[in-house]
Amino acid sequence: MGDHLPYAADAESPLKPSELQVLRAQYEKEGEFVGVQTKFNYAWGLIKSNARVEQQEGVRLLADIFRTAPERRRECLYYLALGNFKLGNYAEARRYNDLLLDKEPGNLQAESLRTLIDDRVSKEGLMGVAIVGGIAVAAGIVGGLLMKNSRRR
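Remember, predicted model here, so these are calculated numbers, not experimental data.

1. Observations concerning the confidence of the model for the protein
Phase 1: When the pLDDT values of the protein are averaged, the result is 84; 75% of them are 70 or greater.
Phase 2: The element-level mean pLDDT for the protein is lowest in helix α6 (residues 108-152), coming to 71, with helix α3 (residues 52-68) highest at 97.
Phase 3: The model gives residues 1-6 a pLDDT under 50, and that stretch makes eight contacts with residues more than four places away or in other chains.

2. Points about the packing of helix α2 (residues 36-48) against α3
Phase 1: Here α2 crosses α3 at 150°, and the two axes come no closer than 7 Å. Judged by the inter-axis angle, α2 sits roughly antiparallel to α3. Remark: the crossing between α2 and α3 carries left-handed chirality. For the pair α2 and α3, contact is made by Val36, Lys39, Phe40, Tyr42, Ala43, Leu46 and Ile47 and by Glu54, Gln55, Glu57, Gly58, Val59, Leu61, Leu62, Asp64 and Ile65, respectively.
Phase 2: Its residues assigned to classes, the contact of α2 with α3 comprises ten nonpolar, two polar and four charged.

3. Some remarks on the environment of alanine 110
Phase 1: Considering the arrangement of structural elements, one finds alanine 110 in helix α6.
Phase 2: Its relative accessible area of 0% is what places alanine 110 among the buried residues.
Phase 3: C-alpha separation for the pair alanine 110 and leucine 99, spaced eleven residues apart in sequence, amounts to 9.8 Å.
Phase 4: When neighbours within four sequence positions are excluded, alanine 110 is seen to be in contact with Tyr78, Asn97, Leu100 and Leu101.

4. With respect to the packing of aromatic side chains
Phase 1: If you walk through the whole model with that rule in mind, you get five aromatic pairs.
Phase 2: Aromatic pair tyrosine 78 and tyrosine 79: ring centres 5.0 Å apart, planes at 80°, arrangement edge-to-face.
Phase 3: Judged by relative accessible area, tyrosine 79 falls into the buried class, the value being 12%.
Phase 4: Pairing phenylalanine 85 with tyrosine 90 gives two aromatic rings, centres 5.9 Å apart and planes at 55°, and the pair type is tilted. Assigned by exposure class, phenylalanine 85 and tyrosine 90 land together as buried.
Phase 5: Site record: aromatic cluster; members linked through ring pairs are Phe40, Tyr78 and Tyr79.

5. Let's talk about the packing of helix α1 (residues 17-30) against α2
Phase 1: Where α1 meets α2, the closest approach of the two axes is 9 Å, and the angle between their N-to-C directions is 145°. Between α1 and α2 lies a crossing of left-handed hand. Here Leu20, Leu23, Arg24, Gln26, Tyr27 and Glu30 of α1 come into contact with α2, specifically with Thr38, Lys39, Asn41, Tyr42, Trp44, Gly45 and Leu46.
Phase 2: By residue class, the composition of the contact of α1 with α2 is six nonpolar, four polar and three charged.

6. Here's the deal with the pattern of salt bridges
Phase 1: For the structure shown, the criterion picks out eight salt bridges.
Phase 2: Among the ionic pairs, arginine 24 bridges to glutamate 54, the shortest N-O distance being 3.4 Å. With arginine 24 in helix α1 and glutamate 54 in helix α3, this pair connects stretches of sequence that are 30 residues apart.
Phase 3: Judged by relative accessible area, glutamate 54 falls into the partly exposed class, the value being 21%.
Phase 4: The network of salt bridges with shared partners includes Lys39, Asp64 and Arg67.

Rules used in this analysis
- Residues numbered from 1 in each chain as written.
- Predicted model: local features only at pLDDT ≥ 70, side-chain atom pairs only at ≥ 80, totals over all residues.
- Heavy atoms only, no water.
- pLDDT = per-residue confidence, 0-100.
- Helix = DSSP H or I, 4+ residues; strand = E, 2+ residues; numbered from the N terminus.
- Contact = heavy atoms within 4.5 Å.
- Axes fitted to C-alpha atoms, helices over the stretch in contact; angles between N-to-C directions.
- Parallel < 35°, antiparallel > 145°, perpendicular 65-115°, else oblique.
- Left-handed = near helix turned anticlockwise from the far one by under 90°.
- Nonpolar A, V, L, I, M, F, W, Y, C, P; charged D, E, K, R; others polar.
- Buried < 20%, exposed > 50% of the residue type's maximum accessible area, 1.4 Å probe, protein only.
- Phe/Tyr/Trp six-rings, centres within 6.5 Å; stacked < 30°, edge-to-face > 60°.
- Salt bridge = Lys/Arg side-chain N within 4 Å of Asp/Glu carboxyl O.

Rendered as structure tokens:
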């Protein structure tokens, strides 16, 4: 991640395992009566993880908060966008990020995350075009060789 995007630093800075364990322990201690803030804190820690399964769980917990606690939706938006970005769900990331930018047009975190999302979509889109192009060239070569061999017979 470049120096030009300081506000989206959360995208690359996981918690220490001991820090995440503190959040997990509190979440598990509260059990079925877990508070929204405890759930949010744990989801935040999971989103920051480098482990895909933890990121997925963080997104799931935040989506649950987003659905069940309307008063907490705004603060979930950025981390839902970030979690989906880290998982490669760029359309979902953009959707949540755009919702946040609609509510807070000057939000620097959301603006820098939008740049990260757009850059990644462009990069992966170009890679996809190159892969498809490479497959088409390979298919053309194989087809040409098959045609050439069939003419010799």
